[in-house]
Amino acid sequence: ATYANDEDRPADRRLSEYLSAGCDGPRWSGYRLPTQPEALVRSLYQQVVARTPGGIPSGADWKIFAPYMSKTLLHRIDVFNACVADYFRQHSDPNVKAPFGVFESGIFSGADERTGPRTFHRERTESEKDGSFRVDVKLTYGPSDGPGSWHVAPLLVRENGRLVVDDVVFIKDELPIYPPGVDWRLSQSLSSGCDGPHFVGYHDEQNDPKPQK
């Protein structure tokens, strides 16, 4: 992958680092993520560029990305997975495509062809009175994908003394599948068509929920 800034390029890794990650000898100690908003977001998007996760991360990707997520976001994903299971209970035809846009999106990068950005650049950080942060990030395609860039903004909160991602904003006017002039959030994608763990369907003729301003 290519990087807009040398500081965003991940360091070379050794097998021994992977074998010891999250461990203190024979004991699990958890992953130690950066404690500053800019550093945490840089660490996150280094992994996004390197691994290009599509949909809800699973397997090895889940082990990488889950520590970045807040308990609230993890709960939203659990409820979304229950809603998906309920959809398949209601629709037994295996040839019917499940109408969940999350499956064709990168939960940290955006919909459709934006699951695999090749570069990222942190543009600015805004702090809120409640101690949360919004970090605006510019993502770009690689040379073989054609020119183009877009913006996202992970929202960070403090939880048990550490920073984690609580939601992601996909910036307005840059996602043609959504109404112009309206930001769209990951939390909306995880709840669209669902009433908690129950699939209730969409209410417009195109099976595409419309976010509110």
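Just so it is clear, the model here is predicted, and its values are computed rather than measured.

(A) Highlighting helix α4 (residues 71-90). Under the 1.5 Å per step criterion, the end-to-end length of α4 is 29 Å for 20 residues, consistent within 8% with the ideal 28 Å. Of the positions making up α4, those classed as buried are Leu73, Ile77, Phe80, Cys83, Val84, Asp86 and Tyr87. For α4, the elements touching its buried residues are α3 (59-65), β8 (162-170), α5 (186-191), β10 (194-195) and β11 (198-199).

(B) Focus on the pairing of strand β6 (residues 133-140). A large share of β6 lies buried, amounting to six of its eight residues. Bridge analysis of strand β5 (residues 119-127) against β6 gives eight bridges, and the strand direction is antiparallel. Considered in β6, the bridge of Thr125 is made with Val135. From the end of β5 to the start of β6, which pair antiparallel, there are five residues, and Gly131 there has a positive phi angle of about 90°. Sheet analysis places β6 next to strand β7 (residues 149-159), joined by six bridges and oriented antiparallel. Each residue of the ladder has a partner; that of Lys138, found in β7, is His151.

(C) Just the state of the cysteines, in detail. Scanning the model with the defined rule gives one disulfide in all. One disulfide in the model links Cys83 with Cys194; its S-S distance is 2.0 Å. Between Cys83 and Cys194 the sulfur-sulfur dihedral comes to about -90°; the bridge is accordingly left-handed. Taken together, the residues Cys83 in helix α4 and Cys194 in strand β10 connect sequence positions 111 residues apart. The same class applies to Cys83 and to Cys194, which are both buried.

(D) Region of the structure containing the environment of Gln90. Mapped onto the elements, Gln90 comes out in helix α4. Residues Gln90 and Phe199 lie 109 residues apart in sequence; the distance between their C-alpha atoms is 8.5 Å. A polar contact is formed between the side chain of Gln90 and the side chain of Asp86, at a distance of 2.8 Å.

About the cut-offs
- The written sequence of each chain sets the order in which its residues are numbered from 1.
- Two thresholds apply to this predicted model, a pLDDT of at least 70 for residue-level local features and 80 or more for giving and counting side-chain atom pairs, whereas whole-chain, interface and lining totals are computed over all residues.
- Side-chain calculation: all heavy atoms of the structure are included, whereas hydrogens and water are not.
- Secondary structure elements follow DSSP: runs of H or I of four or more residues count as helices, runs of E of two or more count as strands, with numbering from the N terminus.
- A helix is expected to span 1.5 Å multiplied by its residue count minus one.
- Throughout this description, buried means an accessible area under 20% of the type-specific maximum (1.4 Å probe, protein chains only), exposed means over 50%, and partly exposed covers the range between.
- Contacts: residue pairs with any heavy atoms within 4.5 Å of one another.
- Any two strands are treated as partners once DSSP identifies two or more bridges connecting them.
- When two cysteine sulfur atoms are found within 2.5 Å, that pair is recorded as a disulfide.
- We define a polar contact as two N or O atoms separated by no more than 3.5 Å, with the added condition that, inside protein, one atom must be a possible hydrogen donor and the other a possible acceptor, whereas residues neighbouring each other in sequence contribute only through side-chain atom pairs.

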